[in-house]
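Architecture and fold: a report
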Amino acid sequence: MSSSASTPNSHGIRSCWDTILLDSAHDALPIYRYVQSKQITPLIDLNPRNSGNTKYKDDFTLSPAGIPICKKGLAMKDNGYDHARGRRKYRCPLVKNGVVTCDTPCSDSAYGRCVYTCTKDNPRLFPPIARNSDEWKETYKRRTTVERSNKREKIDYMLEAAKHRSTKM
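Residues numbered from 1 in each chain as written. Predicted model: local features only at pLDDT ≥ 70, side-chain atom pairs only at ≥ 80, totals over all residues. Heavy atoms only, no water.

Per an unreviewed UniProt entry, the chain goes by Transposase and derives from Effusibacillus consociatus.

So, about the overall build of the chain. Looking only at helices and strands, the chain has three helices and eleven strands in total. When the helices and strands of the chain are placed in sequence order, the string is β-β-α-β-β-β-β-β-β-β-β-β-α-α. Going through the 169 residues of the chain one by one, you find that 33% of them count as buried. Look at the contacts in the chain between residues 6 or more apart in sequence, and 41% of them connect residues 24 or more apart. Here the chain has roughly 11,400 Å² of accessible surface; of this, 52% comes from carbon and sulfur atoms. (Helix = DSSP H or I, 4+ residues; strand = E, 2+ residues; numbered from the N terminus. Buried < 20%, exposed > 50% of the residue type's maximum accessible area, 1.4 Å probe, protein only. Contact = heavy atoms within 4.5 Å. Areas by Shrake-Rupley, 256 points an atom, 1.4 Å probe, with all protein chains shown as cover.)

Okay, empty space enclosed by the protein next. What the rule picks out here adds up to one cavity of 30 Å³ or more. Taken as a whole, the largest cavity encloses approximately 60 Å³ of empty space. Lining the largest cavity we find 13 residues, and of these R88, Y90, L125, P127 and A130 sit closest to its centre. Residue classes in the lining of the largest cavity are distributed as eight nonpolar, three polar and two charged. (1 Å grid on protein atoms, 1.4 Å probe; cavity = no way out; pocket = protein on both sides within 12 Å on 5 of 7 lines; lining within 4 Å. Points joined across faces, edges and corners; volume = space filled by probe spheres on them. Nonpolar A, V, L, I, M, F, W, Y, C, P; charged D, E, K, R; others polar.)

Attention now goes to the packing of aromatic side chains. This structure, assessed with the given rule, holds one aromatic pair. Residues W136 and Y140 carry aromatic rings whose centres are separated by 5.7 Å and whose planes lie at 10 degrees to one another, so their mutual orientation is stacked. Of the two residues, W136 and Y140 are both situated in helix α2 (residues 134–140); the distance of four residues between them amounts to about one turn of the helix. For W136, a relative accessible area of 6% translates into the label buried. Here Y140 falls in the buried class, since its relative accessible area comes to 12%. Against the face of Y116 rests R87, its NZ or CZ located 3.8 Å from the ring centre. (Phe/Tyr/Trp six-rings, centres within 6.5 Å; stacked < 30°, edge-to-face > 60°. Lys NZ or Arg CZ within 6 Å of the ring centre and 35° of its normal.)

With that settled, consider the environment of I20. With respect to the helices and strands, the residue I20 is situated in strand β2 (residues 14–22). Taking the relative accessible area as the measure of exposure, I20 reaches 9% and is therefore buried. C-alpha of I20 to C-alpha of R143: the two residues are 123 residues apart in sequence and 9.5 Å apart in space.

Strand order in the open sheet formed by three strands is β7-β8-β11, with antiparallel pairing between adjacent strands. The sheet terminates laterally at β7 (77–82) and β11 (114–118), the two strands that pair on one side only. Strand after strand, the sheet turns through a mean of 25 degrees between neighbouring axes, direction not considered. Note: β7 against strand β8 (residues 87–91), four bridges, orientation antiparallel. The partner of D82 across the bridge, within β8, is R87. (Pairing = 2+ DSSP bridges. Axes fitted to C-alpha atoms, helices over the stretch in contact; angles between N-to-C directions.)

Inspection of the secondary structure puts S133 in the loop between β11 and α2. In this structure the side chain of S133 is engaged in a polar contact, spanning 2.7 Å, whose partner is the backbone oxygen of A130. Here W136 takes part through its backbone nitrogen, which lies 3.2 Å from a polar atom of the side chain of S133. (Polar contact = N/O pair within 3.5 Å; in protein donor to acceptor, adjacent residues only side chain to side chain.)

Quick look at the structure:
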């Protein structure tokens with residue numbers, strides 16, 4: 001988890017978290033909704049057991065990373081995140097220098113087909129930071145530090161192997 005300047009939440013309590021890094025065991029829609037209600041950006045790996053949910057807006061399917069796939073079968077290009085609207089824009093992968101190079105274009109526009117994925121529709125599939133982006137990869141690397149620390153406490157210091165009894169017995 002990373003921190004920033006503390007800001008009061010709706011209850012007047014100051015929070016110093018702005019990002020939370022979790023593994024795929026925490027990949028559940030209620031967790032995404034909860035952390036976003038606290039203005040915390042979730043970085044959570046997708047759980048591969050829930051990969052069958054890939055249909056999006058009638059004619060598009062999604063890759064395992066949540067990227068729209070065009071009708072030609074190619075992953076669309078990420079064109080940035082609009083924080084004001086809470087959505088990410090993807091555009092046709094076959095547009096070169098403003099010209100559509102596809103033999104069967106799915107749009108009459110010279111710019112090519114655009115698809116918007118809204119975080120509020122499904123924050124699990126469409127987080128504010130795209131899973132395949134450099135920002136995601138750089139930020140998520142910090143999680144390995146936490147895992148090494150946990151390993152040190154559990155295995156090297158044998159905290160899980162300790163046998164103890166309650167004082168109330």
